[in-house]
Amino acid sequence: FQIPQLECLNMNILPTFETFFHRHFLPPEIPKWGRFCTFFNLNEIPEKNWKLPIKLEMFDLTGTKFLVCATYWFKTRKLLEANGYVSVFNSQKWQIYESKHVYPRAFAVKTFYQAREINVDVPQIARSVAFTNDQELISQARAAGIKEATKLAYVAPETHDFVTINSYHHDTVSLNASVDQPSIIILSDNWHPNWRATIDGQPAHIGIVDETFRGIVVPSGNHTIIMHYRPKSLTMGQIVSATALLFLCFVLRFWKKIDKLLG
């Protein structure tokens, strides 16, 4: 169904998401379940003043469209409904709620703020400002003339900028972007050093934005952005295979001479 899951049990391939998840989705009062990114230990407590210890805006930022909630979590369900979530499935044990205000998976911003972490007091700012400490991305953004914010304030996203996902596969993502001025294109998928990108066929840097997402600086105009995941182990494997093949060809070519020398 191509539905990404917020929780993850494989931390080895997500070096930035582990910190992001535990910072924004698992408050200190909720015990961690090892290194795993999971809500396994989150429970609704039957206390009068208990509230869900998670900012719902963070779910919107990550593109989380559906939340699964236990039917007997009445306070949580009431909170979700009060914040515009709509029940799309219910059973005796589970309720599934859909967010009607989730952020798009890919979008453009025209301002960046040099910081390692998102301002959690107003997380919706990340919809119009890229939080980044990636020095290469910052250098490219400054060179392109993208505005650098010194104070944080929410700015409504530009309605005439368009970023669409053409195709989405586990190792390749294709985007189309149309922006009227230099921008940072953000894909709310996890950054990893093995991802590579091109803009209109030219190599481009993928930086870390909003603590764990991928960001690419683009000039104004219409662009095609393609991201490829290429593990370093694949390159090494190709080198080893090519070396082994050359060695085999050498042995076959000079087998008679080798046989005489060894005989």
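Residues numbered from 1 in each chain as written. Predicted model: local features only at pLDDT ≥ 70, side-chain atom pairs only at ≥ 80, totals over all residues. Heavy atoms only, no water.

This part takes up the side chain of Ser174. Here Ser174 lies in strand β9 (residues 172-179). If near-sequence neighbours (up to four positions away) are discounted, Ser174 is found in contact with Thr164, Ile165, Asn166, Ser167, Thr224, Ile225 and Ile226. (Helix = DSSP H or I, 4+ residues; strand = E, 2+ residues; numbered from the N terminus. Contact = heavy atoms within 4.5 Å.)

With that settled, consider the nonpolar core. Phe25, Phe59, Ile184 and Ile186 are the most contacted members of the largest nonpolar core, which totals 44 residues. Counting residues per element, the ones that place at least two in this core are α1 (17-24), α2 (56-61), β1 (66-70), β4 (106-109), β6 (130-132), α4 (135-144), β10 (183-190) and β14 (213-218). For this core, the element with the highest residue contribution is α2, accounting for four residues. If you look at the next biggest cluster of nonpolar residues, it comprises 18 residues, including Ala177, Trp195, Val218 and Met227. (Core = buried A, V, L, I, M, F, W, Y, C linked by side-chain atoms within 4.5 Å. Buried < 20%, exposed > 50% of the residue type's maximum accessible area, 1.4 Å probe, protein only.)

The subject of this paragraph is the side chain of Thr212. Within the secondary structure, Thr212 is located in the loop between β13 (207-209) and β14. Among the polar contacts listed, one links the side chain of Thr212 to the side chain of Thr16, at a separation of 2.8 Å. For Thr212, the residues in contact, after removing those within four places along its chain, are Thr16, Phe17, Phe20, Asp189, Asn190 and Trp191. (Polar contact = N/O pair within 3.5 Å; in protein donor to acceptor, adjacent residues only side chain to side chain.)

This part is about the packing of aromatic side chains. Counted under the stated rule, the structure contains 11 aromatic pairs. Note that Arg214 overlies the ring of Trp195, its terminal NZ or CZ placed 3.7 Å from the centroid. (Phe/Tyr/Trp six-rings, centres within 6.5 Å; stacked < 30°, edge-to-face > 60°. Lys NZ or Arg CZ within 6 Å of the ring centre and 35° of its normal.)

Once that is clear, we can look at the sheet that holds β14. Sheet architecture is open: four strands sit in the order β4-β10-β14-β13, paired in antiparallel fashion. Edge positions in the sheet fall to β4 and β13, since each of these pairs with one other strand and no more. Sheet twist, expressed as the average angle between the axes of neighbouring strands with direction ignored, equals 40°. As paired elements, β13 and β14 share three bridges and run antiparallel to each other. Each residue of the ladder has a partner; that of Ile208, found in β14, is Arg214. Strands β10, β13 and β14 of the sheet are contacted by α4, whose axis makes an angle of about 30° with β14. (Pairing = 2+ DSSP bridges. Axes fitted to C-alpha atoms, helices over the stretch in contact; angles between N-to-C directions.)

Another aspect to go through is the environment of Pro182. The topology assignment puts Pro182 in the loop between β9 and β10. Residue Pro182 is classed as partly exposed on the basis of its relative accessible area of 23%. Those residues in contact with Pro182 that sit more than four places away from it in its chain are Lys110, Ala144, Ile146, Val218, Pro219 and Ser220.

Right, let's get into the sheet that holds strand β12 (residues 202-204). With respect to topology, five strands assemble into an open sheet ordered β8-β9-β15-β11-β12, the strand pairing being antiparallel. Because the sheet does not close on itself, it has two edges, and the strands there are β8 (162-168) and β12. In this sheet, neighbouring strand axes are inclined to one another by 25° on average, regardless of whether the strands run parallel or antiparallel. Sheet topology places β8 next to β9; six bridges connect them, and they run antiparallel. The partner of Phe162 across the bridge, within β9, is Ser178.

Turning our eyes to something else, we now look at α4. The set of residues buried in α4 consists of Leu137, Ile138 and Ala141. Angularly, the buried residues of α4 cover 100° about the axis, an arc narrow enough to put them on a single face. As for α4, its buried residues are in contact with β5 (111-114), β6, β10, β13 and β14. Gly145 occupies a position one or two residues after α4 and carries a positive phi of about 85°. (Arc of directions from axis to C-beta.)

Let's shift gears to the pairing of strand β3 (residues 94-98). With five bridges connecting them, β1 and β3 associate as antiparallel partners. The partner of Cys69 across the bridge, within β3, is Gln95. Pairing between strand β2 (residues 86-90) and β3: four bridges, direction antiparallel. Opposite Asn90, over in β3, you have Gln95 as the bridge partner. Between β2 and β3, which follow one another and run antiparallel, lie three residues.

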